[in-house]
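# Chains, contacts and geometry: an overview
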Amino acid sequence: MTDNAQARAAHLIHLRRSGYSLGDPVALPLTMAATYHSPGDATGYNQYGRFSNPTWDAVEKVLAHLEDAPCVAFPSGMAAIASIFFGLLKTGDRVLLPSDGYHTTRGLADRFLGKLGIGVDVRPTASFLDGGFAGYRLVFVESPSNPVLDICDIAAVAHAVHAASGILAVDNTTMTPYGQRPLDLGADIVVAADTKAPNGHSDALFGHVASRNADTITAVMDWRETSGSIPSPFDAWLVHRGLETLEVRFDRMCSSAELIAGRLKDHPAVHGLRFPGLEGDPSHNLARIQMQRFGFLISFSLASAEQADDFIAGCELIQPATSFGGVHTSAERRACRGDAVGPGFVRLAIGCEPAEELWTAIKASLDRLGG
Ligand SMILES: Cc1ncc(COP(=O)(O)O)c(C=O)c1O
């Protein structure tokens, strides 16, 4: 981690300190409230649970500290993505998305933006700069893309999008603000599913939008308040708790992923291994420049769907489950989710187990498959 990231992580733990009154709880109190005491003209105070909540404020303060930008919390990553689509776009606009990113983002655009007269195009992450960005109001990238882990040059895309008078949003879910800082690279908006590593315990969905542009923040807050796409205070409380340990969990997960990817490379059952941290990976040279860490996702293929299922089910330290970023290492055969990958393609999400124990269990399950 850079010195900046270390300082950010250290101060994150103490963010509440300046606001304490004598006798206040050190841990964040959970405020469950649909309505607030508001006699007369209560302008400037909490009035109604769709407009504001002290537990959201606390989690947004931590996220803003991490992103170095104002943040708006949402009940899921998709709700955050929907807020920029519906809060910022209008009929006649065009949007450009990755063809190989999280499939539901494309689904949302295809099924709902088209009906509003908003054009949607897609292109692969690895060649995202090809073709330019003329005519696009919003360009949306996901880097590394989920699940294949291709990356694009965020600074170069931001430069080209701005030259074409568009805005750039980056889905930073796979990296978190500790692993990659799209706003510092020139992006206008970050969206993320805090359901993943930021919460980290696989027990709540959450998302956020971050931007240093005040009009963008106003537009997504207006969308949240009016559409009612609001997070539950309890989920905000869980995510706040998760964020306090994100740095240690993320560090462990990324370090373990580096070790395990390096060993998977030499296993005879593994083909098409992708991990941005591996020398020789198509993403590696750019990853070294634009990412602080290489992340905790690894993808590879086994000989068949059956082998992939057997590998996942047969490993005692892999949780067969969708999603990623939790304390449990998990894996999924992504063809089951409709991604354009082969039947034996596995996305492995490294968790917080001690690395050597985890590798021993992964290797044993691979060895049982045969060559
Ligand atoms: C890259 C990416 N973005 C967004 C999302 C959506 O997040 P959520 O499931 O919290 O809506 C996901 C979910 O897997 C994801 O992988």
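Report follows, based on the coordinates.

The next thing to look at is the overall build of the chain. Scanning the chain from N- to C-terminus turns up 11 helices and 12 strands. Scaling as 2.2 N^0.38, a compact globule of 371 residues should have a C-alpha radius of gyration of about 21 Å, and the chain matches this with 21 Å. Considering only C-alpha atoms, the chain reaches an extent of 75 × 55 × 35 Å along its principal axes. Taking all 371 residues of the chain together, 53% fall into the buried category. Look at the contacts in the chain between residues 6 or more apart in sequence, and 69% of them connect residues 24 or more apart. About 15,700 Å² of surface is accessible on the chain, with carbon and sulfur atoms providing 53% of the total. Averaging the coordinates of the 30 positive side-chain charges in the chain and doing the same for the 41 negative ones gives two points 1 Å apart.

If you trace the five strands from one edge of the open sheet to the other, you get β8-β9-β12-β11-β10, paired in mixed fashion. The sheet is open, and its two edges are formed by β8 (271-274) and β10 (319-320), each paired on a single side. Looking at chain direction, strand β11 (residues 330-333) and strand β12 (residues 345-349) are connected through four bridges and run antiparallel. Paired with A331 across the two strands is L348, which belongs to β12.

Strand order in this open sheet of seven strands is β1-β7-β6-β5-β4-β2-β3, and the pairing throughout is mixed. Among the strands making up the open sheet, the edge pair consists of β1 (71-74) and β3 (119-123). On average, each strand axis in the sheet is tilted by 20 degrees relative to the strand beside it, whichever way the strands run. Docked against the sheet, helix α5 (residues 154-163) engages β4 (138-142) and β5 (167-171), running at close to 155 degrees with respect to β5. Relative to β1, helix α7 (residues 214-227) is tilted by about 20 degrees, and along the sheet it contacts β1, β6 (189-193) and β7 (207-211).

With that out of the way, let us pick up the site of the ligand. Taken together, 15 residues sit near the ligand, with G77, M78, D171, T195 and K196 positioned nearest. Note that a nitrogen atom of the ligand is positioned 2.7 Å from one of the side-chain N or O atoms of D171. With respect to the ligand, the side chain of K196 contributes an N or O atom lying 2.7 Å from an oxygen atom. When the ligand sits alone it has 390 Å² of accessible area, and the protein chains cover 92% of it. Among the elements that take part in the shell around the ligand, helix α3 (residues 77-88) stands out by supplying three residues, more than any other. The class makeup of the residues in the shell around the ligand is seven nonpolar, five polar and three charged.

Take the nonpolar core next. Residues L264, I298, F300, L302, F311, L348 and I362 are the most contacted members of the largest nonpolar core, which totals 62 residues. Those elements giving two or more residues to this core turn out to be α1 (3-12), α2 (54-67), β1, α8 (233-264), β9 (297-301), α10 (305-314), β12 and α11 (355-369). It is α8 that contributes the most residues to this core, 11 residues altogether. Not counting residues up to four positions away in its chain, the partners in contact with L264 are V270, L273, I298, F300, L348, W359, I362 and L366.

Moving on to the pattern of salt bridges. Enumeration according to the criterion identifies 16 salt bridges in this entry. The salt bridge involving R224 is made with E60; its shortest N-O contact spans 2.9 Å. A residue pair is termed long-range when its members are at least 10 positions apart, and R224 in helix α7 and E60 in helix α2 qualify at 164 residues. Measuring nitrogen to oxygen at the nearest pair gives 3.7 Å for the salt bridge that ties R293 to E258.

Attention now goes to α7. For α7, with 14 residues, the first-to-last C-alpha span of 20 Å sits near the 20 Å given by 1.5 Å per residue. Taken together, the buried positions of α7 are T216, I217, A219, V220 and R224. When α7 is viewed along its axis, its buried side chains cluster within an angular range of 165 degrees and face the same direction. Counted as exposed and oriented over 90 degrees from the buried face of α7: A214, D215, T218 and T226. Structurally, α7 contributes buried residues whose contacts are with α2, β1, α3, β6 and β7.

On to the side chain of N53, then. Of note, N53 is situated in the loop between α1 and α2. Looking at N53, its side chain comes within polar contact range of the main-chain oxygen of T31, at 3.0 Å. At 2.6 Å, the side chain of N53 forms a polar contact with the backbone nitrogen of T55.

Reading the values: the criteria
What you see as residue numbers is a count from 1 along each chain, following the sequence as written. Local features in a predicted model are, by the rule used here, given only for residues with pLDDT of at least 70; side-chain atom pairs are given and counted only at 80 or more, and totals for whole chains, interfaces and linings are based on all residues. Side-chain measures here rest on the full set of heavy atoms in the structure, leaving out hydrogens and waters. Here a helix means four or more residues in a row that DSSP labels H or I, a strand means two or more in a row labelled E, and each is numbered from the N terminus. Each radius of gyration reported is based on C-alpha atoms, and the globular scaling rule is 2.2 Å times the count of residues to the power 0.38. Buried, partly exposed and exposed residues are distinguished by accessible area as a fraction of the type maximum, computed with a 1.4 Å probe on protein chains only: under 20%, between the cut-offs, and over 50%, respectively. Whether two residues are in contact is decided by their heavy atoms: any pair within 4.5 Å suffices. Surface accessibility in these figures is a Shrake-Rupley result with a 1.4 Å probe; residues are shielded only by whichever protein chains are displayed. Residues scored as positive are Lys and Arg, those scored as negative are Asp and Glu, and His as well as the terminal groups of each chain are ignored. Charge coordinates come from a single atom per side chain, which is NZ of Lys, CZ of Arg, CG of Asp or CD of Glu. Here the rule is simple: two strands pair whenever DSSP picks up at least two bridges between them. Under this scheme, a helix contributes an axis fitted over its contacting stretch, all axes are lines through C-alpha atoms, and angles between N-to-C directions fall in the 0 to 180 degree range. Each residue is tested against the molecule or strand, and it is near if at least one of its non-hydrogen atoms lies within 4 Å. N or O atoms closer than or at 3.5 Å make up a polar contact, with two conditions inside protein: a donor-capable atom paired with an acceptor-capable one, and, for residues adjacent in sequence, both atoms drawn from side chains. Residues are grouped as follows: nonpolar covers Ala, Val, Leu, Ile, Met, Phe, Trp, Tyr, Cys and Pro; charged covers Asp, Glu, Lys and Arg; every other residue, Gly included, is treated as polar. Working definition of a nonpolar core: buried Ala, Val, Leu, Ile, Met, Phe, Trp, Tyr and Cys residues. They are joined through side-chain atoms within 4.5 Å. One side-chain nitrogen of Lys or Arg within 4 Å of one carboxyl oxygen of Asp or Glu is enough to make a salt bridge. Expected span of a helix: the number of residues minus one, times 1.5 Å. In this description, the arc belongs to the directions extending from the helix axis to the C-beta atoms.

Functional significance is not addressed by these values, which are geometric in nature.
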